[in-house]
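# A look at the structure
Chain by chain, the residues:
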Amino acid sequence: MKASIMSFYDEIVNLQSVDTEAVLDSVTTSQIARVLDKPELGYEDYLALLSPAAANMMEEIAQRAHKVTIRHFGRCILLYTPLYLADFCVNYCIYCGFNASNQIQRRKLSLPEVELEAQEIAKTGLKHILILTGESRQHSPVSYIKDCVSILRKYFSSISIEIYPLSENEYAEFIAAGVDGLTIYQEVYDEQIYGKLHPKGPKRDYPFRLEAPERAGHAGVRTINIGPLLGLGSWPREVFLAGMHAAYLQKKFPDVEVSVSFPRMRPQRGNYEPEYPVSDIQLVQSLLALRLFLPRVGITMSTRESATLRENLIPLAVTKMSAGSSTVVGGHTDSIDGIGQFEISDDRTVDQMRQVITGHGYKPILKDWHDLT
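In this report, we go over the structure that sits alongside the text. Predicted, not measured: the structure shown is a model, and the values here were computed from it. Within each chain, residues carry numbers counting from 1 in the order of the written sequence. Only residues with pLDDT of at least 70 get local features here, since the model is predicted, and only at 80 or more are side-chain atom pairs given and counted; chain-wide, interface and lining totals rely on the full set of residues. Hydrogens and waters are ignored; side-chain quantities use all the structure's heavy atoms.

## Considerations on the environment of His139
Spelled out, the test is: Numbering of helices and strands starts at the N terminus; helices are DSSP runs of H or I of at least 4 residues and strands are runs of E of at least 2. Here's how the labels work: a residue is buried when its accessible area is under 20% of the maximum for its type, exposed when over 50%, partly exposed in between, all with a 1.4 Å probe on protein chains only. Any two residues having at least one pair of non-hydrogen atoms within 4.5 Å are treated as being in contact. Identification of polar contacts relies on pairs of N or O atoms within 3.5 Å, with a donor-acceptor requirement for protein atoms, meaning one able to donate a hydrogen and the other able to accept it, and with residues adjacent in sequence counted only if both atoms are side-chain atoms.
Mapped onto the secondary structure, His139 falls in the loop between strand E2 (128–133) and helix H8 (142–152). Assessed through its relative accessible area of 27%, His139 is described here as partly exposed. Separated by 118 residues in sequence, His139 and Glu257 place their C-alpha atoms 31 Å apart. Those residues in contact with His139, other than ones at most four positions away along the chain, are Phe88 and Lys108. Here the side chain of His139 touches Ser136 through a polar contact of 2.9 Å, side chain to side chain.

This is the structure:
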């Protein structure tokens, strides 16, 4: 059921009238050349940059994206790492290793174990952390996650959450506890596909998930990171709608730092194969198009992607990368026998990533925020 107040859900409904396939097929290289000469892009220009015609002009687009990124972000890459607190889940997402029907040994960290994980991560020098749980309010209630946050605040200056969608009041509780960032993926913006991929569980509520960033924005969160999981729907349309979502959030919450990720499907328990596989070239095209459409948006690149691809993207559009990652609960201390949410691709340590970034003439940033409250 749609919420009664205006939200991005209403924007999604209006965007359904845009025949993205017809637009993409009609774009010409001369049209792309004109787009690249514009100081600001509209949504039609953004969509054009996702077309086959644009794919033939990737070098020119990449050069422009590089200049735009340098102008707004300099030669800096912020580093962070994920910390999985629990993998209990009540949803049945058919593409996820934490699917409630998967027969895996579930685990939830005790508070002393959370502290051990924090101490291990802190040794790397990282000051930004993303905490994750499976989506189970029973096993990972707000009270438990807040207790974890109180421990983590001793070690990290910025704490983001990637958990089940919350109410505005609950987001406010987390912000008061010391959380400053939210990451939440819509997974797939196509509502029909979304329904098929989420057959059971609270995650089936499409509007409630879609509107979560707005509830966090109203609650006063500092950063919001959104995106689709590429491979679940047609990539040009998913990337287009994610960009429109980010533009909407930037306009509605001008004081919030909005970022976008385009994670691709990775092997996971359950062995779901994406119906819409996305190539490296298509991923790069997505990132470059987004950079030109939204020059001030942050772009996050996780360790789902290969070391080579991540390095090649450093000079083009990316502003934030994960490092030393594990998708296993307790993965920074004792993950030998654990089952992760999905397989990572780039397993380099934080020190190795710092060296790589420095080697490309960029500065690895371990801390860019400190809460004085």
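## Some details on H8
Of the positions making up H8, those classed as buried are Val142, Tyr144, Ile145, Cys148, Val149, Ile151 and Leu152. The inward-facing, buried residues of H8 contact strand E1 (76–86), helix H7 (111–122), E2, strand E3 (158–162) and helix H9 (168–177).

## A word on the pairing of strand E7 (residues 298–301)
Under the convention used in this document: In short, DSSP must find at least two bridges between two strands for them to pair. By the criterion used throughout, a crossover qualifies as right-handed when its path from the first strand across the helix to the second strand runs clockwise, the strands pointing away from the viewer.
The side-chain alternation of E7 yields two buried faces, one formed by Gly298 and Thr300 and the other by Ile299 and Met301. Sheet analysis places strand E6 (residues 257–261) next to E7, joined by three bridges and oriented parallel. Along E7, the bridge assignment pairs Ser261 with Thr300. Here two bridges tie E7 to strand E8 (residues 320–322), and the two strands are oriented parallel to one another. Of the residues in E8, the one forming a bridge with Met301 is Met321. For the segment spanning E7, helix H15 (residues 307–313) and E8, crossover handedness is right-handed.

## Considerations on helix H12 (residues 212–219)
With respect to burial, H12 is a largely interior element, seven of its eight residues being buried. Burial in H12 covers these residues: Ala212, Pro213, Glu214, Arg215, Ala216, Gly217 and Ala219. Downstream of H12 by a residue or two, Gly220 has a phi angle that is positive, lying close to 105°.

## Points about the side chain of Arg304
Basically, it comes down to this: By the counting scheme adopted, Arg and Lys are positive, Glu and Asp are negative, and His together with the chain ends is not counted. Salt bridge, as applied in this entry: a Lys or Arg side-chain nitrogen positioned within 4 Å of an Asp or Glu carboxyl oxygen.
Note on placement: Arg304 falls in the loop between E7 and H15. An unpaired buried charge is present at Arg304: no salt bridge exists, and Glu187, the closest side chain of opposite charge, is 6.6 Å distant. At 2.9 Å, the side chain of Arg304 and the backbone oxygen of Arg264 are in polar contact.

## Some details on empty space enclosed by the protein
Heads up, the rule is: Definitions used throughout: a 1 Å grid over protein atoms alone; a cavity as a set of points that fits a 1.4 Å probe which cannot get out; a pocket as an open set with protein on both sides within 12 Å along at least five of seven lines; a lining residue as one with an atom within 4 Å of a point. Grid points are joined across faces, edges and corners, and a volume is the space filled by probe spheres set on the points. Amino acids are sorted into nonpolar (Ala, Val, Leu, Ile, Met, Phe, Trp, Tyr, Cys and Pro), charged (Asp, Glu, Lys and Arg) and polar (every other residue, Gly among them).
All told, the structure shown has four cavities of 30 Å³ or more when counted by the stated rule. Forming the boundary of the second largest cavity are Leu78, His128, Ser158, Ser160, Arg222, Thr223, Glu257, Lys320 and Asp368. Classifying every residue of the lining of the second largest cavity by side-chain character gives one nonpolar, four polar and four charged.

## A look at the packing of H9 against H12
The condition is simple: Under this scheme, a helix contributes an axis fitted over its contacting stretch, all axes are lines through C-alpha atoms, and angles between N-to-C directions fall in the 0 to 180 degree range. The scheme is simple: roughly parallel for angles under 35 degrees, roughly antiparallel for over 145, roughly perpendicular for 65 to 115, oblique for anything else. The hand of a helix crossing depends on one turn: near helix anticlockwise from the far one by less than a right angle means left-handed, and clockwise means right-handed.
Where H9 meets H12, the closest approach of the two axes is 8 Å, and the angle between their N-to-C directions is 55°. Considering their axes alone, H9 and H12 lie oblique with respect to each other. Crossing hand, H9 versus H12: right-handed. Along the contact surface, H9 presents Glu168, Tyr171, Ala172 and Ile175, while H12 presents Ala212, Arg215, Ala216, His218 and Ala219. Within the contact of H9 with H12, the residues separate by chemical class into six nonpolar, one polar and two charged.

## Describing the packing of aromatic side chains
Keep this limit in mind: Here the aromatic set is Phe, Tyr and Trp, taking the six-membered ring for Trp, and pairing holds for ring centres within 6.5 Å; pairs whose planes are under 30 degrees apart are stacked, those over 60 apart are edge-to-face, and all others are tilted.
Tallied over the entire structure, the rule returns eight aromatic pairs. Taking 5.4 Å as the distance between ring centres and 55° as the angle between the ring planes, the aromatic pair formed by Phe8 and Tyr248 counts as tilted. Here Tyr248 lies in helix H13 (residues 235–252) and Phe8 lies in helix H1 (residues 8–15), a separation of 240 residues in the sequence. By relative accessible area, which is 1% here, Phe8 ends up buried. Relative to Tyr206, the ring of Tyr194 has its centre 5.1 Å away and its plane inclined at 85°; by these criteria the two rings are edge-to-face.

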